[in-house]
Amino acid sequence: MTEKLGILGRKVGMTRIFANDGSAVAVTVIEAGPCPVIQKKDAATDGYNAVQIAFGEAKEKHVTKAMRGHFEKAGRGLFRNTCEIRLEEAPELEVGQDLSADMFAAGEKVRVTGTTIGKGFQGVMKRWNFAGMPASHGHEKVHRSPGSIGHATFPGKVFKGKKMPGHMGNVRQTTSNLEVVAVRADENLILVKGAVPGPKNGLVLVRKQ
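What counts, and at which threshold
Residues numbered from 1 in each chain as written. Predicted model: local features only at pLDDT ≥ 70, side-chain atom pairs only at ≥ 80, totals over all residues. Heavy atoms only, no water. pLDDT = per-residue confidence, 0-100. Helix = DSSP H or I, 4+ residues; strand = E, 2+ residues; numbered from the N terminus. Pairing = 2+ DSSP bridges. Contact = heavy atoms within 4.5 Å. Axes fitted to C-alpha atoms, helices over the stretch in contact; angles between N-to-C directions. 1 Å grid on protein atoms, 1.4 Å probe; cavity = no way out; pocket = protein on both sides within 12 Å on 5 of 7 lines; lining within 4 Å. Points joined across faces, edges and corners; volume = space filled by probe spheres on them. Nonpolar A, V, L, I, M, F, W, Y, C, P; charged D, E, K, R; others polar. Salt bridge = Lys/Arg side-chain N within 4 Å of Asp/Glu carboxyl O. Core = buried A, V, L, I, M, F, W, Y, C linked by side-chain atoms within 4.5 Å. Buried < 20%, exposed > 50% of the residue type's maximum accessible area, 1.4 Å probe, protein only.

Visitor: Got a minute to help me understand the confidence of the model for the chain in this structure?
Guide: Detailed reading of the predicted model is not advised wherever pLDDT is low. Looking at the chain, pLDDT values average 93 and 100% of them are 70 or higher. Taken element by element, the chain is modelled with least confidence in helix α1 (residues 43-46), mean pLDDT 89, and with most confidence in strand β8 (residues 120-122), mean pLDDT 98.

Laid out in structure tokens, this is it:
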């Protein structure tokens, strides 16, 4: 599956800025790049077109020996995070070249991928927005219960995928059509309007829409 070119970054947090008409706009601040190109692939040699980028400098003790050798080919140092982005055509980028926040412009639409905040084991009311059981007389300690989950003699089982209590959050999620409000290339910052998945300091991938 091919994707648009993007950049790795860190979700710093939220703030607000004032537009030209004086209105306050809530934005998410993303520290994007610089991301050096560690490797590039093309259909002739690898079977597909892709570019591999890195983000976040790392100490040598935090990088495996295999990854150290991989980073040495690019000659840009050691990094904590890498990401491979498949492209439709062979990449025009060169190994060692930097991708920075200035690849985006204000008013542009982007899609952001990240790992959502983990919420642990949750019940059906929080996880699936169930209404719960009645809270009237005669109902004791069942107010947040899911209710009946079974069937009759046939099929005599609970079908897979039944909405029940379980682990919530901590999944990879992509949010599309987010608007770039401003780009501060000198600070490697992108200000995005909309819901960016993940916690503060979480790793995100910002791609062109």
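Visitor: Please explain the sheet that holds strand β3 (residues 35-41) as it appears in this structure.
Guide: Consider a sheet: its strands pair through backbone hydrogen bonds, and that pairing is either parallel or antiparallel. With antiparallel pairing, the four strands of this open sheet are ordered in space as β5-β4-β3-β6. Looking at the sheet topology across the chains shown, the edges are occupied by β5 (79-87) and β6 (98-99). The strands that helix α2 (residues 65-74) touches are β3, β4 (49-57) and β5; relative to β3, the one it contacts most, it runs at about 95°.

Visitor: I'm lost on the layout of surface pockets in this one. Help?
Guide: Rolled over the atoms, a probe as big as a water molecule pinpoints where empty space is left. Considering only enclosed or pocket space, the largest pocket measures out at about 280 Å³ in volume. If you trace the largest pocket, you find it lined by Thr2, Glu3, Lys4, Leu5, Leu87, Glu88, Glu89, Ala90, Pro91, Glu92 and Leu93. Grouping the amino acids of the lining of the largest pocket by side-chain chemistry returns five nonpolar, one polar and five charged.

Visitor: Which parts of the structure should I look at to understand the sheet that holds strand β11 (residues 189-193)?
Guide: Read around the barrel, six strands follow the order β1-β2-β11-β10-β7-β12 and close on themselves; strand pairing throughout is antiparallel. Shown here is a sheet whose adjacent strand axes are inclined to one another by a mean of 50°, direction ignored. Pairing between strand β1 (residues 6-18) and strand β12 (residues 203-208): five bridges, direction antiparallel. Its bridge partner being in β12, Ile7 is matched across the sheet by Val206.

Visitor: How should the pattern of salt bridges be read in this particular structure?
Guide: Pairing between side chains of opposite charge can happen when the charged atoms of each approach one another. Tallied over the entire structure, the rule returns seven salt bridges. A salt bridge links Arg207 to Glu3; its shortest N-O distance comes to 3.3 Å. With a gap of 204 residues between them, Arg207 in strand β12 and Glu3 in the segment before β1 connect regions that are remote in the sequence. Close ionic contact of Glu31 with Arg10 constitutes a salt bridge, the shortest N to O distance being 2.7 Å. Of this pair, Glu31 sits in strand β2 (residues 24-32) while Arg10 sits in strand β1, placing them 21 residues apart in sequence.

Visitor: Help me out: how do you make sense of the nonpolar core in this one?
Guide: Grouped burial of nonpolar side chains is what soluble globular proteins tend to show. In terms of nonpolar packing, the biggest core is built from 27 residues, with Ile7, Ile53 and Val206 touching the most fellow members. For Ile7, the contacting residues outside a window of four places in its chain are Ala32, Gly33, Cys35, Ile53, Leu99, Ser100, Ala101, Met103, Phe104, Val204, Leu205 and Val206. If you look at the next biggest cluster of nonpolar residues, it comprises eight residues, including Ile38, Ala54, Val63 and Phe71.

Visitor: What am I meant to see in the pairing of β11 here?
Guide: Side-chain positions along a regular strand alternate between the two faces of the sheet. With respect to burial, β11 is a largely interior element, four of its five residues being buried. Sheet analysis places β2 next to β11, joined by four bridges and oriented antiparallel. Bridge pairing in β11 places Ile30 opposite Ile190. As paired strands, strand β10 (residues 172-184) and β11 are joined by five bridges and run antiparallel to one another. Paired with Val180 across the bridge in β11 is Val192. The antiparallel hairpin formed by β10 and β11 contains four residues in its connecting segment, where Asn188 sits at a positive phi of about 60°.

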